[in-house]
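Topology and contacts: notes
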Amino acid sequence: MWQEFCTSLKASVDFFLPPACLLCGQRLQGSTRQQPDFCEACMAGVTPLGPAHCCLCAQPFADATSSHLCGACLQLPPRFTRVHAACRYRGSIKDAVHLLKHRNQLSLAKPLGLILAKVVTDNGTAGPLDYIVPVPLHPHRLRRRGYNQALEIARPLSLQLGLPIEARLLQRSRKTPPQQGLPADQRSRNLRNAFRLAGQVTGAKVLLVDDIMTTGETVRECCRTLLQGGTEEIQVAVVGRA
Ligand SMILES: [Zn+2]
Ligand SMILES: [Zn+2]
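Residues numbered from 1 in each chain as written. Chains lettered and ligands numbered in written order. Predicted model: local features only at pLDDT ≥ 70, side-chain atom pairs only at ≥ 80, totals over all residues. Heavy atoms only, no water.

1. Focus: the side chain of T231
Basically, it comes down to this: Only DSSP runs of H or I covering at least 4 residues are called helices, and only runs of E covering at least 2 are called strands; the numbering of each starts at the N terminus. A 3.5 Å cut-off defines polar contacts: any pair of N or O atoms within that distance qualifies, except that in protein one atom must be a possible hydrogen donor and the other a possible acceptor, and neighbouring residues in sequence count only when both atoms are side-chain atoms. In what follows, residue pairs with any heavy atoms lying within 4.5 Å of each other are defined as contacts.
Note that T231 resides in the loop between α9 (217-228) and β6 (233-241). A distance of 2.7 Å separates a polar side-chain atom of T231 from the backbone oxygen of L226. When near neighbours in sequence (up to four residues on either side) are disregarded, T231 contacts V201, G203, A204, V206 and L226.

2. Things to note about the environment of K101
Within the secondary structure layout, K101 lies in helix α4 (residues 91-102). Through-space distance from the C-alpha of K101 to that of A150 is 9.6 Å; in sequence the pair is 49 residues apart. Beyond its immediate stretch of four places on either side in the chain, K101 contacts R145, Q149, D211 and I212.

3. Here's the deal with the coordination of the zinc ion (ligand 1)
Stated precisely, the cut-off is as follows: Sodium, potassium and calcium take a 3.2 Å donor cutoff, other metals 2.8 Å, and in both cases only N, O and S atoms count; water is not among them, so sites may look incomplete. For a four-donor site, all angles between 85 and 135 degrees give tetrahedral; for four or six donors, opposite pairs above 155 degrees with the remaining angles between 65 and 115 give square planar or octahedral; all remaining cases count as irregular. Throughout this description, buried means an accessible area under 20% of the type-specific maximum (1.4 Å probe, protein chains only), exposed means over 50%, and partly exposed covers the range between.
Taken together, the protein ligands of the zinc ion (ligand 1) are C21 (SG), C24 (SG), C39 (SG) and C42 (SG), with distances of 2.2 to 2.4 Å. Around the zinc ion (ligand 1) sit four donor atoms; with metal-centred angles ranging over 104 to 116°, the donor geometry is tetrahedral. Considered as a linear motif, the donors of the zinc ion (ligand 1) on their single chain read C-x2-C-x14-C-x2-C. The class for C42 is buried, based on a relative accessible area of 11%.

4. What about the coordination of the zinc ion (ligand 2)?
Coordination sphere of the zinc ion (ligand 2), protein contribution only: C54 (SG), C57 (SG), C70 (SG) and C73 (SG), at 2.2 to 2.3 Å. Note that the zinc ion (ligand 2) binds four donor atoms; their angles at the metal cover 106 to 113°, and the shape is tetrahedral. With a relative accessible area of 7%, C57 lands in the buried category. When its relative accessible area of 4% is taken as the criterion, C70 is described as buried.

5. Here's the deal with the sheet that holds strand β2 (residues 131-134)
The condition is simple: Paired strands, as defined in this entry, are two strands with at least two bridges between them according to DSSP. Every angle, taken between N-to-C directions, lies between 0 and 180 degrees, and every axis is a line fitted to C-alpha atoms, over only the stretch in contact when it is a helix.
Ordered by their spatial adjacency, four strands build an open sheet running β1-β6-β5-β2, and the pairing between neighbours is parallel. Where the open sheet ends on each side, the last strands, each with one partner, are β1 (82-88) and β2. Neighbour to neighbour, the strand axes of the sheet diverge by 20° on average, direction disregarded. Two strands pair when backbone bridges link them, and strand β5 (residues 205-213) and β6 are joined in this way by eight bridges, in the parallel orientation. Bridge pairing in β6 places V209 opposite A237. Packing against the sheet, helix α5 (residues 109-123) makes contact with β1, β5 and β6, and its axis sits at approximately 130° to β1. This element, α9, spans β5 and β6 of the sheet and lies at about 160° to β5.

Nothing here speaks to function; it is all geometry.
Structure (structure tokens):
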């Protein structure tokens, strides 16, 4: 009864106030409405990761036709067992992540989380995981932004995958300048010892979630901290892979 009421109420609201694309604001009506509430044009601007990428870190290959290990993973094997990347960090997804992080458009976290959840579900996690750990923000940046975009992206992921979120387990112990804009050789140094654990992770299998992965330094440092605490396995899930 309550569910029927909610459905008819939603239909009435949709009729008088048709939902709009969360990215460009264009009205979504009838058959053009689709999950995750992006219009067809914005969805067309989402570039899938494609078949040619590193099997471990998901780095896309520009001039290859199949997946294999990238040079970086061969040289220094990463501490995670795989990266689930929803799509390339460009086009609509780059715009959406920018609006979410820097323009307070928190409503974009849900569609981004749903796009990521579908990719993780399609990939499969090859065995059960225990919980999701979002990459944390330093309390100072969290206060300024008002939310942690990685945690907000993790919420729909948690519902879809049936995995709890441990949002306080991994914390930023040091305030660091944003990785973007730093030269490659300074990125690793910038994050050294930037994270700490605030609880037990011994034997845990975790899904580490972030919005984007570029050089992978943030993920690498989070993995180092988690493994020092005795984490058994880390898989990584990111919306955009550069
Ligand atoms: Zn749109
Ligand atoms: Zn790789």
